[in-house]
Amino acid sequence: AGFIGKNGYMNLEQIKDLDSKGYIIGSHGMSHRILTLLSEEEVKAELRKSKEILEDILKREVVDFSIPQGFYNKSIINLVSGVGYKNIFTSDINDFYFGEIKIHGRRFIREDWDFKKFSKMLNKDLPFKEILTQKMKDICRGVFGDRNYNHFRNAVLGILSKFPRG
């Protein structure tokens, strides 16, 4: 929400237009910072302020929140829920419950996928490679911690971006 109207980001009219067409408009925080690296007060500010801004734009309650960069823990989930979000989305590939709170997994989509692979992902018929990738991310995050894992991930992605896909 902190980037609304800035170059390369949606403006108020675009957000209202998508909302009027039935798209789900949810929060992603104010600044896209990793929530697990912030103090509890900073997390609450990220959650509340972004919710307030979007609700002011849409003139309705905003109940969807997508975890920035996929870093969360039990404390983050409780804070997100406590601020009033009812639907929480992560970058995990499957839906699950965190106590009483349902967490919705999201799947990334790559531009080089054919329709068959895209269809499998939509139907949660996940290839072994996708499941293994998620497990490896979870292990690395557990070993390195969120801050170090994020540095490691950014370094690897930077290196990989220099090679052609295929």
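In short, a report on the structure. (Residues numbered from 1 in each chain as written. Predicted model: local features only at pLDDT ≥ 70, side-chain atom pairs only at ≥ 80, totals over all residues. Heavy atoms only, no water.)

## Description of the overall build of the chain
So, point 1. Looking only at helices and strands, one finds six helices and four strands in the chain.
So, point 2. For the chain, the α and β elements follow one another from N to C terminus as α-α-β-α-β-β-β-α-α-α.
So, point 3. Here the C-alpha radius of gyration of the chain, 17 Å, is about what a compact globule of 166 residues would show, namely 15 Å.
So, point 4. When the backbone C-alpha atoms are referred to their principal axes, the chain occupies close to 45 × 35 × 35 Å.
So, point 5. When contacts within the chain are restricted to residue pairs at least 6 apart in sequence, long-range pairs at least 24 apart make up 50% of them.
So, point 6. Total accessible area on the chain is roughly 10,700 Å²; 56% of this is exposed by carbon and sulfur atoms.
So, point 7. The distance from the centre of the 28 positive side-chain charges to the centre of the 22 negative ones in the chain is 4 Å. (Helix = DSSP H or I, 4+ residues; strand = E, 2+ residues; numbered from the N terminus. Rg over C-alpha atoms; globule rule 2.2 N^0.38 Å. Contact = heavy atoms within 4.5 Å. Areas by Shrake-Rupley, 256 points an atom, 1.4 Å probe, with all protein chains shown as cover. Lys, Arg positive; Asp, Glu negative; His and termini not counted. Charge placed at Lys NZ, Arg CZ, Asp CG, Glu CD.)

## Some details on the side chain of E46
So, point 1. Topologically, E46 is positioned in helix α2 (residues 40–58).
So, point 2. For E46, the side chain forms a polar contact with the main-chain nitrogen of M30, separated by 2.9 Å. (Polar contact = N/O pair within 3.5 Å; in protein donor to acceptor, adjacent residues only side chain to side chain.)

## With respect to the sheet that holds strand β2 (residues 87–90)
So, point 1. Taken in spatial order, the four strands make up an open sheet running β1-β2-β4-β3, and their pairing is mixed. Two strands in the sheet have a free side with no partner beyond their single neighbour: β1 (64–66) and β3 (96–98). When the angles between neighbouring strand axes are averaged without regard to direction, this sheet yields 35°.
So, point 2. One ladder, built from three bridges, connects β3 with strand β4 (residues 101–105); its direction is antiparallel. Looking at β4, one finds that F98 is bridged to I101.
So, point 3. Packed on one face of the sheet, helix α3 (residues 74–83) meets β1, β2, β3 and β4 and runs near 105° to β4. (Pairing = 2+ DSSP bridges. Axes fitted to C-alpha atoms, helices over the stretch in contact; angles between N-to-C directions.)

## Thoughts on the packing of aromatic side chains
So, point 1. In this structure the tally under the stated criterion is three aromatic pairs.
So, point 2. In this structure, K51 is placed above the aromatic ring of Y85, and the distance from its NZ or CZ to the ring centre is 5.2 Å. (Phe/Tyr/Trp six-rings, centres within 6.5 Å; stacked < 30°, edge-to-face > 60°. Lys NZ or Arg CZ within 6 Å of the ring centre and 35° of its normal.)

## Some words on unusual backbone geometry
Phi is mostly negative for residues that are not glycine, and the peptide bonds are mostly trans.
So, point 1. Its identity is not glycine, yet H32 carries a phi of approximately 65°, on the positive side.
So, point 2. With respect to the element layout, H32 can be found in the loop between α1 (12–20) and α2.
So, point 3. The phi dihedral of Q69 falls on the positive side, at around 60°, and the residue is not glycine.
So, point 4. Within the secondary structure, Q69 sits in the loop between β1 and α3.
So, point 5. What makes Q69 partly exposed here is its relative accessible area of 25%. (Buried < 20%, exposed > 50% of the residue type's maximum accessible area, 1.4 Å probe, protein only.)

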